[in-house]
Amino acid sequence: MALTALALFVLWVLLAPVLRVLVQSRRTGDTGLRLTTKGSGPLQLWVGVASTTGICAQGAAAAAALLGLSPIAALDHRPLQWTGAALALLGTLGTAMAQTSMGPSWRLGLDQSERTALVMGGPFRWVRNPIYTTMFVTMLGIALVVPNPVSAAGLILLWLSMEMEVRAVEEPYLLHTHGQAYRAYASTVGRFLPRVGRLR
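I will try to describe carefully the structure that is included in this document. These numbers were taken from a predicted model, which means no experiment stands behind them.

## Observations concerning the packing of helix α3 (residues 78–102) against helix α4 (residues 130–145)
Part 1 of the argument: Relative to each other, α3 and α4 sit at 160 degrees, their axes nearing to 7 Å. For the element pair α3 / α4, the angle class is roughly antiparallel. Crossing of α3 over α4 shows left-handed handedness.
Part 2 of the argument: For the contact of α3 with α4, the per-class residue count stands at 13 nonpolar, 10 polar and no charged.

As structure tokens, this is what we get:
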């Protein structure tokens, strides 16, 4: 199953960041990449590094499994692995759909000085951060396909970095930029899951 995990990881990379950047550039003349900007604080940079490491750990876990790294025995079951593969595929498609629904507002990274439209349609009707949700589902799925210490550590790091990114970087920016419009939206729509993590 290690080859399956590696193929799923490559598929996500090609459909999520790579294809999205190409489409964004073609449609708007802007790649949407905001990996480092003038206003980036140290927290923003560190959570970006942490989330990238957490994602890359899933590809590394698949490679490590190919090289003979033993899986976590309690999770090493074929039905669980196939469930993980299905989750990874669904998460990949979900990530691509959520990115598409953002249209020209899509960004990879955050420029504190930039103002984009507040997207509340499509999957954003149910959760405020569907890209993060579906990305995590993808990486969870891959971790279930190759359940070894590398994938487990990467998944934990990804979750922690997503929480920090959203709570400490993106939400303050959105509240500052969109004010009451974002506050009203966030009071009715969950952070990563429907109705869970609404702002009060």
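Resuming the write-up.
## Topic: the nonpolar core
Part 1 of the argument: Among the nonpolar cores identified, the biggest contains 24 residues, and I55, M135, M139, I142, L158 and M162 are the most heavily contacted of them.
Part 2 of the argument: Listed by contribution, the elements that provide at least two residues to this core are α1 (2–28), α2 (42–66), α3, α4 and α5 (149–178).
Part 3 of the argument: Contact partners of M139, with chain neighbours within four places excluded, come to F9, W12, I55, Q58, L155 and L158.
Part 4 of the argument: Judged by nonpolar contacts, the second largest core, of 17 residues, contains W106, F124, Y173 and Y182.

## Focus: the side chain of E163
Part 1 of the argument: Its place among the elements puts E163 in helix α5.
Part 2 of the argument: In contact with E163, other than residues within four places in its own chain, are A168 and F192.

## What about the pattern of salt bridges?
If charged atoms from side chains of opposite charge come close, those side chains can pair.
Part 1 of the argument: The full count for this structure, using the stated rule, is 6 salt bridges.
Part 2 of the argument: A salt bridge links D30 to R34; the shortest N-O distance between them is 2.6 Å.
Part 3 of the argument: Judged by its relative accessible area of 26%, D30 is partly exposed.
Part 4 of the argument: With its nearest N and O atoms 3.0 Å apart, the salt bridge here joins R34 to E114. Of this pair, R34 sits in strand β1 (residues 33–34) while E114 sits in the loop between β2 (108–109) and α4, placing them 80 residues apart in sequence.
Part 5 of the argument: Taking relative accessible area as the criterion, R34 reaches 12% and is therefore assigned buried.

Definitions and limits used
Residues numbered from 1 in each chain as written. Predicted model: local features only at pLDDT ≥ 70, side-chain atom pairs only at ≥ 80, totals over all residues. Heavy atoms only, no water. Axes fitted to C-alpha atoms, helices over the stretch in contact; angles between N-to-C directions. Helix = DSSP H or I, 4+ residues; strand = E, 2+ residues; numbered from the N terminus. Parallel < 35°, antiparallel > 145°, perpendicular 65-115°, else oblique. Left-handed = near helix turned anticlockwise from the far one by under 90°. Nonpolar A, V, L, I, M, F, W, Y, C, P; charged D, E, K, R; others polar. Core = buried A, V, L, I, M, F, W, Y, C linked by side-chain atoms within 4.5 Å. Buried < 20%, exposed > 50% of the residue type's maximum accessible area, 1.4 Å probe, protein only. Contact = heavy atoms within 4.5 Å. Salt bridge = Lys/Arg side-chain N within 4 Å of Asp/Glu carboxyl O.

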